[in-house]
Amino acid sequence: MPTAVQPANRLRANRRRLIRFGPIIAQLFAAGVAAAEEPPAAAPRAAVEEEVVVTGSRIPRKDLTTPAPVTVFTREDIEASGRLSVGDFLQQMPEQGNAMNTQVNLGGDGSTRVNLRGLGQNRTLVLLNGRRIVNGGTGADDSIDLGAIPTAAIERIEVLKDGASAAYGSDAIAGVVNLITRRRFQGAEATATSAISGHGDGQTVDLSLTIGETSERGSVLFSVGYYNQQAVSAGARDFSRVPIGFDGRPGGGPFYFGGGAVPAGRIVLTGPEQGVQNGNAMWNDLVAAFPNAGSFIYDPRSPRAVHGWRPFLGTNLPTDPVAPQDGYNYWSASHLITPSQRLQLFSTGDLSLGSFARAYYEATFVNRQSEQALDPTALFTDGLTVSKDNLYNPFGRDFASMERSLTEFGNRTFSQDIDTYRVVAGLDGKLGEAFGPMKGWSWDASLNYGRSLSNQAWRGFLRPTLVQNALGPSMVINGTPACVSVAGNPSTVIPGCVPLDLFHGTNSITRDQVAGLTFDGTDRGTNQMTAVQLNTGGELFPLLGSRRAALAAGYEYRHLYGAYIPDAAGENTFGSTVPTRGGYYLNEGYAELSLPVIDGVPGARALELTAGLRVFKYSNFGADNTYKLGGRWQIIRDVTLRGTYSTAYRAPSIFENYFGQTLGPTPVADPCSGVYGPPPASCGKAAGNGDQTGAVNALLGGNSKLLPEKARTLTLGVVLEPTVARGLTATIDYWNYAIDQSIASRGVAVILNGCYPTDNSPPRYCDLVVRDPVTQHILRVVDTFDNVGSDRTSGLDLALRYAVPTPIGRFGFSFDGTYLFNFDRTQADGSVIHARDVWDLGVYPKLKAMTRLNYELQGWRAAISWRYIGSFRECSDANGLFTGFGFCADPSHVTDRLVESVSTFDAYLSYELRSKLGKTTLSAGLNNAFDRKPALIYNSFRSATDPNTYDLMGRSLYARLGQVF
């Protein structure tokens, strides 16, 4: 089976990349060393109170408190978590949910993303050192792939949990994740981590080396990392070994179901065909023995078999404990954890240009290889004909419907090879005496360029035309089976065609039959971003307190381009897709004001007001603006109130704008045809047009006339820092998001029901229905992306931090919890999905939390973490079954069931030893220490659980060795 991660070949390829970048890295490092060798100043510089920029604001501050809620994770937090990538760490946050990761096999692409508030990963902005990162994935993507972040270079992570479009522009609706890299690093650090699951699979290796030099003149840092995660098969875990459903009716329970396309082969008959004989003795014997059978399976070992065939019992698996049948287990061959390999290079540096300016750069290169594997192609001959003259057909009749899982063809696989580049270069500094009242203002000018290039190969699919030839007439010519276009005529041989045997069970398809029918394709993709930023900020004038008012302002130009170019080499059963290609540019300006109104008086230890405004103009939809207001009131030393109100937006993505449009049938009947019931009065002259197809052509794809999504965000919080309990901090924050003009497609049924209502409501969407002026049949229904629907969500965040130094060590406690009040999505037809506590849109439980206990003594560190995901409900379909088609929002559902809460525990222990070699750190830990299985969600098509939410690996052990020289 082809794989995406072949260590020897890929490692050689990555070595070549490293060699190619070697001279550049050497030059950068040499520059840093030269800077480090500059002689120090004659006298040491006086200590100054450093100003910092906190995520969510561009105003430099001397304190870290802002009106907006910000959570900070240190490098030590990441290491103690046992997670080997930034993405895996961030997905542990209770404020995050339903994001893509490497556990997603069906529908995944090897990327890991972050999704604050569960509002959509394209509504969370990810920054690196306060600047944007190019989107990543297979091409024309709408969010950042965290796998493209150099983990070894991360110093801390700041997570802003409110709308931040006024500060950062598009995509910051749900919040901002700002990854801060290490700077001014002196020396060298090497780490090696190895992990393995308790089942002996899922082996992971993470290696990194970081080197830095620092001097008075400047600094340079270089980091290289290698990461390799091996696959875990779905068949290797009890919960994913078989497809499992649930019968919610009285007396029902779990059952194992499978597919009807079995490896042994299956013949399917229509009602009129059942029991009908022909002139073939074998077929006559079979239907005489089973005159009421609707389908047959090849099973020569069965005592009931007639000429090797017997009736097909049903799609339950043979191992089903209640009703064993003949279904095929199409899960066990799939990946549960997908393999992934990354090579990461990162460098950053700066050089002083005197007292007025500093030059700096950041450079990143990441190569990722990953793979997803599904069960072998299932062949359904609907639309094709298995000829009575096929060499292997023993029954002397044509078959319009046969099904077979082609296990001889191997798994269907999708493998990605993605290169991501990013370079930032800029100048910054502070204005001097010549600028008068603006003396001391900071300024920054930078150029930011990023590009990702993807090749996605897919294998194991079929060519339908060639399959039809192989199932058509065939005969033996000169001792060799051959396909012919005319039965019995050897002069009509079809070159290169080998007859296909569907009639003699598993492994009857030979290698030469496989070779002529498969299609392997390669898709190409691109994401590209170019950004120019100019920022400045400083103090203005004093108000009633000790701090001065401050202003930040700036300008940004950004150009984005994306493309996804599918393989167009020929027809295949993967399905034909159309190219996506396009781009746009924008100009933005912003201003942000901080007003420290008063401080140091009774009842107002500090009172600060903030305001921000951003105006923007996009080449694809025009101009608009967003704003933000905030306030922070420290009543006494122990109590601070804070709050923000902001408007935010998300510009349409390149995929939403430029996804190629296609016209294809959708199984929805024309309500005006009169064939399936009386036509509504609103049909007019289209009433009774007699269309009997039961389907309409739908135009799907992007829409270049989309408007941005718009949002309103409110946060209100209190910060408690009681003086009677030093080291204790508690924050409680209420948050509320309202998003309108959500981008989605309406759905063909929604459009037709809207245009032809059966009640007295006024018709709508009729401009999207195009009819033939003569026959009045529907030519097409335009169902491209549009601004439809809305989202509403609100909840409460609680965070506790407590650090207690004692004579026997330092104890620490942290708690982060999110309580969800509501998550409501209004769809195009006006219906509302209330997703809180139900599975309809994903996992949105009332409560999610993360708790950690820490202990430090001399060189020892230990931590125990508890992650909690609350319970929720899933609903059956109209038949009372949970097999992927039930929704609580559907009033026809019969029953529901409770999806249990899940708690997982992690443990971490490390020891730090100092010697002449430097600092050596030995670490070990257990993730999911009690091997807690994920919650069973029978309506999920992904291993009866949710890989976006739960741990699928099970218990895993890791060990890490770190050395600082």
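Residues numbered from 1 in each chain as written. Predicted model: local features only at pLDDT ≥ 70, side-chain atom pairs only at ≥ 80, totals over all residues. Heavy atoms only, no water.

(A) Spatial organisation of the side chain of Thr364. Within the element layout of this structure, Thr364 appears in strand 17 (residues 358–376). Judged by its relative accessible area of 10%, Thr364 falls in the buried class. Excluding residues within four positions of it along the chain, Thr364 makes contact with Ala148, Pro150, Leu345, Phe346, Thr420, Tyr421 and Arg422. (Helix = DSSP H or I, 4+ residues; strand = E, 2+ residues; numbered from the N terminus. Buried < 20%, exposed > 50% of the residue type's maximum accessible area, 1.4 Å probe, protein only. Contact = heavy atoms within 4.5 Å.)

(B) The side chain of Thr338, seen in detail. Among the structural elements, Thr338 can be located in the loop between strand 15 (335–337) and strand 16 (340–352). Ignoring sequence-local partners within four residues, the contact set of Thr338 consists of Thr102, Val104, Asn105, Gln229, Ala231, Glu371 and Gln372.

(C) Examining the nonpolar core more closely. Counting residues in hydrophobic clusters, the biggest one holds 38 residues, and the most contacted among them are Leu502 and Phe503. For this core, the secondary-structure elements that each account for two or more residues are helix 5 (281–289), strand 13 (295–298) and helix 6 (464–471). With residues near it in sequence (within four places) discarded, Phe503 still touches Ile267, Tyr298, Trp309, Val386, Tyr392, Asn393, Pro394, Phe395, Phe399, Met402 and Arg404. Core analysis: the next-biggest nonpolar cluster, separate from the first, contains 31 residues, Leu90, Ala174, Ala711 and Ile739 among them. (Core = buried A, V, L, I, M, F, W, Y, C linked by side-chain atoms within 4.5 Å.)

(D) Structural detail: the sheet that holds strand 12 (residues 266–268). Ordered by their spatial adjacency, 5 strands build an open sheet running 14-13-12-19-18, and the pairing between neighbours is antiparallel. Only two strands of the sheet have a single neighbouring strand rather than two, namely strand 14 (309–311) and strand 18 (378–380). For this sheet the average axis-to-axis angle between neighbouring strands, irrespective of direction, equals 20°. Bridging between strand 18 and strand 19 (residues 402–405) involves 3 bridges; their strand directions are antiparallel. Bridging from a neighbouring strand, Leu379 pairs with Arg404 of strand 19. (Pairing = 2+ DSSP bridges. Axes fitted to C-alpha atoms, helices over the stretch in contact; angles between N-to-C directions.)

(E) Summary view of the sheet that holds strand 3 (residues 131–132). Strand order in the open sheet formed by 5 strands is 1-4-5-2-3, with mixed pairing between adjacent strands. Edge positions in the sheet fall to strand 1 (70–74) and strand 3, since each has one partner strand and no second. Bridge count for strand 2 (residues 124–128) against strand 3 is 2 bridges, and the pairing is antiparallel. Residue Leu127 lies in a different strand from strand 3, and its bridge partner there is Arg132.

(F) Main features of helix 5. Within helix 5, burial applies to Trp283, Asn284, Leu286 and Val287. Down the axis of helix 5, the buried side of the element spans an arc of 165°, and every buried residue falls inside it. The inward-facing, buried residues of helix 5 contact strand 13 and strand 14. Sitting at the head of helix 5, Asn280 places a side-chain oxygen 2.9 Å from the backbone nitrogen of Met282. (Arc of directions from axis to C-beta. Polar contact = N/O pair within 3.5 Å; in protein donor to acceptor, adjacent residues only side chain to side chain.)

(G) View of the pairing of strand 13. Along strand 13, one buried face is formed by Ser295 and Ile297 and the opposite face, lined by Phe296 and Tyr298, is buried too. By the bridge criterion, 3 bridges tie strand 12 to strand 13 in an arrangement that is antiparallel. Bridge assignment links Ile267 to a residue of strand 13, and that residue is Phe296.

(H) Structural view of helix 9 (residues 748–755). Burial within helix 9 is extensive, with 6 of its 8 residues counted as buried. When helix 9 is considered as a whole, its buried residues turn out to be Val748, Val750, Ile751, Leu752, Gly754 and Cys755. The inward-facing, buried residues of helix 9 abut strand 30 (662–666), strand 31 (696–700), strand 35 (769–771) and strand 36 (778–782).

(I) Main features of the packing of aromatic side chains. Summed over the entire model, instances satisfying the criterion amount to 38 aromatic pairs. Taken together, a centroid distance of 5.6 Å and an interplanar angle of 80° make the contact between Trp458 and Phe461 edge-to-face. Like Phe461, Trp458 is buried. Aromatic side chains Phe905 and Phe930 sit 5.7 Å apart centroid to centroid with 85° between the ring planes, which places their arrangement in the edge-to-face category. (Phe/Tyr/Trp six-rings, centres within 6.5 Å; stacked < 30°, edge-to-face > 60°.)

(J) Looking closely at the pattern of salt bridges. The full count for this structure, using the stated rule, is 54 salt bridges. Here Glu608 makes a salt bridge to Arg632, at a shortest N to O gap of 3.3 Å. With Glu608 in strand 27 (residues 604–618) and Arg632 in strand 28 (residues 622–636), this residue pair connects regions lying 24 residues apart in the sequence. Linking Arg746 and Asp786 is a salt bridge whose minimum nitrogen-to-oxygen distance equals 3.0 Å. (Salt bridge = Lys/Arg side-chain N within 4 Å of Asp/Glu carboxyl O.)

(K) Highlighting a nonpolar patch on the surface. Taken together, Ile732, Leu796, Leu798, Tyr819, Phe821 and Leu847 make up a surface patch of nonpolar side chains, about 440 Å² in accessible area. Of all the secondary structure elements, the ones that give two or more residues to the nonpolar patch are strand 38 (790–806) and strand 39 (809–826). Following the sequence through the fold, Leu847 ends up in strand 41 (residues 847–857). (Patch = residues over 30% accessible without salt bridge, like charges linked within 9 Å, V, L, I, M, F, W, Y side chains within 5 Å. Areas by Shrake-Rupley, 256 points an atom, 1.4 Å probe, with all protein chains shown as cover.)

(L) A look at the confidence of the model for the chain. Looking at the chain as a whole, its pLDDT mean stands at 90, while 93% of the residues score no less than 70. The low-confidence segment residues 1–49 (pLDDT under 50) makes 59 contacts with residues lying over four places distant or belonging to another chain. (pLDDT = per-residue confidence, 0-100.)

(M) Representation of the pairing of strand 5 (residues 175–181) in the model. Of all the 7 residues making up strand 5, 7 are buried; the element is thus mostly covered by neighbouring parts of the structure. Side chains Gly175, Val177, Leu179 and Thr181 of strand 5 all project onto a buried face; the interleaved residues Val176, Asn178 and Ile180 project onto the opposite face, where all are buried too. Relative to strand 5, strand 2 runs parallel, the two being bridged by 5 bridges. Across the sheet, Thr124 pairs through a bridge with Gly175, a residue of strand 5. As paired elements, strand 4 (residues 154–160) and strand 5 share 6 bridges and run antiparallel to each other. Residue Glu158 lies in a different strand from strand 5, and its bridge partner there is Asn178.

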